[in-house]
Amino acid sequence: MIKTEINNLRAEIDQIDEAIAKLLSKRVDCALKIGVFKDKLKVSQEESIIPAYDPTRENLIIERLKNIVPTIPLNGIEIIFRQIISLCRNSAHKSTICVFGEVNEFDYKQHFGNFCNYIICSNISSFVEEMNKNKFNIGVIVSNIKDNNIQEIEEDKFKIIDSFISKTKKILVYANI
């Protein structure tokens with residue numbers, strides 16, 4: 001009796017997993033289409049380039065979903081959807097995340113997802129060099145909250161698109177514009 005119930009529930013899980021996989025494929029297809037439009041903006045230069053990483057949009061998605069299913073434990077919605085968003089973003093444009101600063105103090109892979117390419121830069125010069133290589137690069141500087149000695153990045157080439165505090169560190173996120 002119990003084994004039958006377990007098997008029935010596992011069959012139901014299999015159906016749910018199949019539905020999730022199909023919806024995930026559909027989500028990736030939409031992200032690919034958005035990527036094509038972003039490429040057209042990059043080439044036409046009629047409008048400003050939209051970075052591959054849009055923190056405002058990503059945070060809105062996560063907050064909206066947390067409100068829909070608040071009972072999922074352990075911050076599960078955010079962890080799962082940061083990975084899903086990373087998969088979709090990187091399907092359209094493989095993102096390279098250039099990280100500089102106190103990298104052990106910020107879980108950048110959890111924040112940006114496992115589907116990105118990560119380059120850890122040992123100094124600000126290598127950070128700028130790596131950022132200049134591709135229009136869809138994202139730069140992350142991790143520093144002490146009270147550290148005002150962060151060298152300014154060339155504002156004509158890089159734009160701060162996000163900043164936040166993680167534990168005791170200030171995180172500045174740049175896009176190559």
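Residues numbered from 1 in each chain as written. Predicted model: local features only at pLDDT ≥ 70, side-chain atom pairs only at ≥ 80, totals over all residues. Heavy atoms only, no water.

1. Some words on the pairing of strand β5 (residues 169–176)
Part 1 of the argument: Within β5, 7 of the 8 residues are buried, leaving the element largely enclosed by the surrounding structure.
Part 2 of the argument: Bridging between strand β3 (residues 138–144) and β5 involves 7 bridges; their strand directions are antiparallel. The residue of β5 that forms the bridge with Ser 143 is Lys 170.
Part 3 of the argument: Across 8 bridges, strand β4 (residues 158–166) lies against β5 in antiparallel orientation. (Buried < 20%, exposed > 50% of the residue type's maximum accessible area, 1.4 Å probe, protein only. Helix = DSSP H or I, 4+ residues; strand = E, 2+ residues; numbered from the N terminus. Pairing = 2+ DSSP bridges.)

2. Focus: the packing of aromatic side chains
Part 1 of the argument: Applying the stated criterion to the full structure yields 5 aromatic pairs.
Part 2 of the argument: With centroids separated by 6.4 Å and ring planes inclined at 75°, the aromatic side chains of Phe 127 and Tyr 174 adopt a geometry described as edge-to-face. Placement of the pair is Phe 127 in helix α5 (residues 124–131) and Tyr 174 in strand β5, with a sequence separation of 47 residues.
Part 3 of the argument: Taking relative accessible area as the criterion, Phe 127 reaches 0% and is therefore assigned buried.
Part 4 of the argument: Here a set of aromatic residues connected by ring pairs shows up, and it is made of Phe 100, Phe 127 and Tyr 174. (Phe/Tyr/Trp six-rings, centres within 6.5 Å; stacked < 30°, edge-to-face > 60°.)

3. Considering the nonpolar core
Part 1 of the argument: One finds Ile 97, Val 99, Phe 112 and Val 140 to be the most contacted residues of the largest nonpolar core, which totals 16 residues.
Part 2 of the argument: Those elements that place two or more of their residues in this core are β1 (96–101), α4 (108–112), β3 and β5.
Part 3 of the argument: Filtering out sequence-adjacent residues up to four positions away, Val 140 remains in contact with Ile 97, Cys 98, Val 99, Phe 100, Phe 106, Phe 112, Phe 127, Ile 171 and Leu 172. (Core = buried A, V, L, I, M, F, W, Y, C linked by side-chain atoms within 4.5 Å. Contact = heavy atoms within 4.5 Å.)

4. Describing the state of the cysteines
Part 1 of the argument: If you walk through the whole model with that rule in mind, you get 0 disulfides.
Part 2 of the argument: Not part of a disulfide, Cys 30 finds its nearest cysteine sulfur in Cys 88, a span of 8.6 Å.
Part 3 of the argument: Cys 30 sits in the partly exposed class, given a relative accessible area of 46%.
Part 4 of the argument: Its relative accessible area of 3% is what places Cys 88 among the buried residues. (Disulfide = S-S within 2.5 Å.)

Bear in mind that shape data such as this cannot, by itself, settle questions of function.
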